[in-house]
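Notes for the structure review
Residue-level listing of the chains:
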Amino acid sequence: MVGLSILVECGVGADTYTYSSKLVHRFSEEVRKLRVSRNGEVWPQHRSLEYYGRLMNSDLQRQKMKLGPQFQLLFPSEGSKTMPLGNDFGWLHYMWVDIGTPSVSFLVALDAGSDLLWVPCECVQCAPLSASYYSSLDKDLNEYNPSGSSTSKFLSCSHQLCELGSNCKNPKQPCPYTVNYVSDDTSTSGVLVEDILHLASGSRMTANSSVRAPITLGCGSKQTGGYLNGVAPDGLMGLGPGEISVPSRLAKAGLVRNSFSLCFKEDDSGRIFFGDQGPASQQTTSFLLSEGQFVTYVVGVESCCLGSSCIEQTNFKAIVDSGTSFSFLPDQIYDRIVKEFDKEVNATKASFEGYPWQYCYKSSSEGLPKVPSFTLKFMKNSTLIVQDPVFVIYGSEGAVGFCLAVEPSGIDIGTIGQNFMTGYHMVFDRENLKLGWSRSDCEDHNRLPLAPPNGSSPNSLPTEQQNTPNSSGVAPAVAGRTPSSSAAPTSYRMPFKLCLTKLLFQLLLVSSNF
């Protein structure tokens, strides 16, 4: 078929207009002349193997759009559980991930405040990897070797993900990277590599099948600061909104929706799921953009409450960061909160050597006193009640004291860290730019398979509510109401603007099939 005409009848008042458009096949002679003359594109011969190959490739891409994400939930092949490893490892949450072919396991820290997944690799300056160096490990940690993985490939300087490409002498050389972190002059540097991350699925379509997901990671040959002193010795998984992060790569590949969840139990264990958009009953608040860009997870806190009273002028912006163990408040907000907390706590103030918090108290022989609840209020009356805002200090005979586990940030933005997320299923819905949360024991995801996202069929066509990740969804044309059986048949004419919308939609729909 070389061409096709579309006719759409529109009504304006008593007048009727007919609009038509001719469609041509993507490999027609008319298109060939235009494309070849503009950019010298090589054109497949009609009905040749390449001709049908290109058509088949286009059909496969379109089929992916119809199906939506391939999997409902994904999690690391070693399991969805995360674990804290105490002070030796900076109080962060960690999980085992498998990378490469054959797969090698790495114990990576989870960090929603950065983007890159990196592991120690071709080490020039790395943390010790021997289990004997750490009190909480029973096996040695691993070093990544790109040449030892058959699926490994260095990312070139010309690649769109290479931010330092302009510093390269040759566009084909491996892309260098450097990531500087806020704390203690901490950094990692090396080169970027493409390889496979091994995951498992939880879905109606495939029951716990293995998934080999293409990702970009940092081959970290040189670490500094905290990364040499026990924090993330075997690497770190950045979960930020940047294009290079694991959630972004999974969504762009069409494997899951552009969202993930973290859950932190009160016993300090937790879970992670990629593609999770949370339950319909969860509370939510919108992420805030920075100069129109979605660069990190920032939310707006409307006010802070202690017990049943909310404190005036305690609104602020906060970064939501799983890579921060404890939470921070802007200085002025901090001063108001701790003064009110000090009034309400019936305990003697004390100081404990080695602990960073300013407001600490002794426990009595009867144990810990009642501590007022700490609540963050957001827009639209959403609230997050911090389950346990204090850090209990233990001695040889049990609890000897406690501290309000909040510090002043020194800047005008705060940080919601892990201790404020404890007891919650936290959802980072990047697709809808929302943070969600609901009380959870972090075990509810064991009841897989779950219902499809948004209650729709896994195989339903994409609409405004169910777009394929990172694609531009086209809203379906709006049809007129179907007359009821008791109503006389009537002729329905679309409004003028809607008529043109339908014409454009049909043009897009039909042309994509050519």
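Note that the coordinates shown come from a computational prediction; the quantities given were computed from them, not determined experimentally.

To continue, consider the side chain of Thr296. The residue Thr296 is located in the loop between strand S15 (283-286) and strand S16 (298-301) in this model. Leaving out residues up to four positions away in the same chain, Thr296 has contacts with Pro241, Leu288 and Ile319.

Attention now goes to the pairing of strand S25 (residues 390-395). Sheet topology places S25 next to strand S26 (residues 398-404); six bridges connect them, and they run antiparallel. Looking at the pairing, Val392 lines up with Phe402 of S26. In this structure, the hairpin formed by S25 and S26 is closed by a connection of two residues.

Now for the pattern of salt bridges. In this structure the tally under the stated criterion is six salt bridges. Measuring nitrogen to oxygen at the nearest pair gives 2.8 Å for the salt bridge that ties Arg257 to Glu431. Remark: Glu431 occurs in the loop between strand S29 (424-429) and strand S30 (434-439) and Arg257 occurs in the loop between helix H3 (246-252) and strand S13 (259-264); sequence separation between them is 174 residues. By relative accessible area, Arg257 is classed as buried at 2%. Owing to a relative accessible area of 27%, Glu431 belongs among the partly exposed residues under this scheme. Ionic pairing is found between Lys265 and Asp267, a salt bridge with its closest N-O pair at 4.0 Å. A network of salt bridges, in which partner residues are shared, links Lys265, Asp267, Arg271 and Glu443.

In this section: the pairing of S30. The pairing of S15 with S30 spans four bridges and is classified as antiparallel. Bridging from a neighbouring strand, Gln283 pairs with Trp437 of S30. One ladder, built from six bridges, connects S29 with S30; its direction is antiparallel. Within the sheet, the bridge partner assigned to Phe428 lies in S30 and is Leu435. Hairpin connection between S29 and S30: a loop of four residues separates the two successive antiparallel strands, and Leu433 in this loop has a positive phi of roughly 55°.

Picture the strands of a sheet paired through backbone hydrogen bonds; they go either parallel or antiparallel. Reading across from one edge, S18-S17-S23-S24 is the order of the four strands in this open sheet, with antiparallel pairing throughout. Since the sheet does not close on itself, it has two edges, and those belong to strand S18 (309-311) and strand S24 (383-386), each with one partner. With direction set aside, neighbouring strand axes in the sheet form an average angle of 25°. Sheet topology note: the strand S17 (residues 303-306)/S18 ladder contains three bridges and is antiparallel. Of the residues in S18, the one forming a bridge with Leu306 is Ser309.

Taken in spatial order, the four strands make up an open sheet running S21-S22-S26-S25, and their pairing is antiparallel. Every other strand in the sheet has two partners, leaving strand S21 (349-350) and S25 as the edge strands with one partner each.

By the definition in use, this model includes seven disulfides. In this model Cys121 forms its disulfide with Cys219; the gap between the sulfur atoms is 1.9 Å. Taking the sign of the torsion about the S-S bond as the criterion, the disulfide between Cys121 and Cys219, at about -75°, is left-handed. Pair noted here: Cys121 is in strand S7 (residues 117-125) and Cys219 is in strand S11 (residues 207-224), with a separation of 98 residues, a long-range link. Cys219 matches Cys121 in its accessibility class, with the two residues each being buried.

Quick notes on the rules
Residues numbered from 1 in each chain as written. Predicted model: local features only at pLDDT ≥ 70, side-chain atom pairs only at ≥ 80, totals over all residues. Heavy atoms only, no water. Helix = DSSP H or I, 4+ residues; strand = E, 2+ residues; numbered from the N terminus. Contact = heavy atoms within 4.5 Å. Pairing = 2+ DSSP bridges. Salt bridge = Lys/Arg side-chain N within 4 Å of Asp/Glu carboxyl O. Buried < 20%, exposed > 50% of the residue type's maximum accessible area, 1.4 Å probe, protein only. Axes fitted to C-alpha atoms, helices over the stretch in contact; angles between N-to-C directions. Disulfide = S-S within 2.5 Å.

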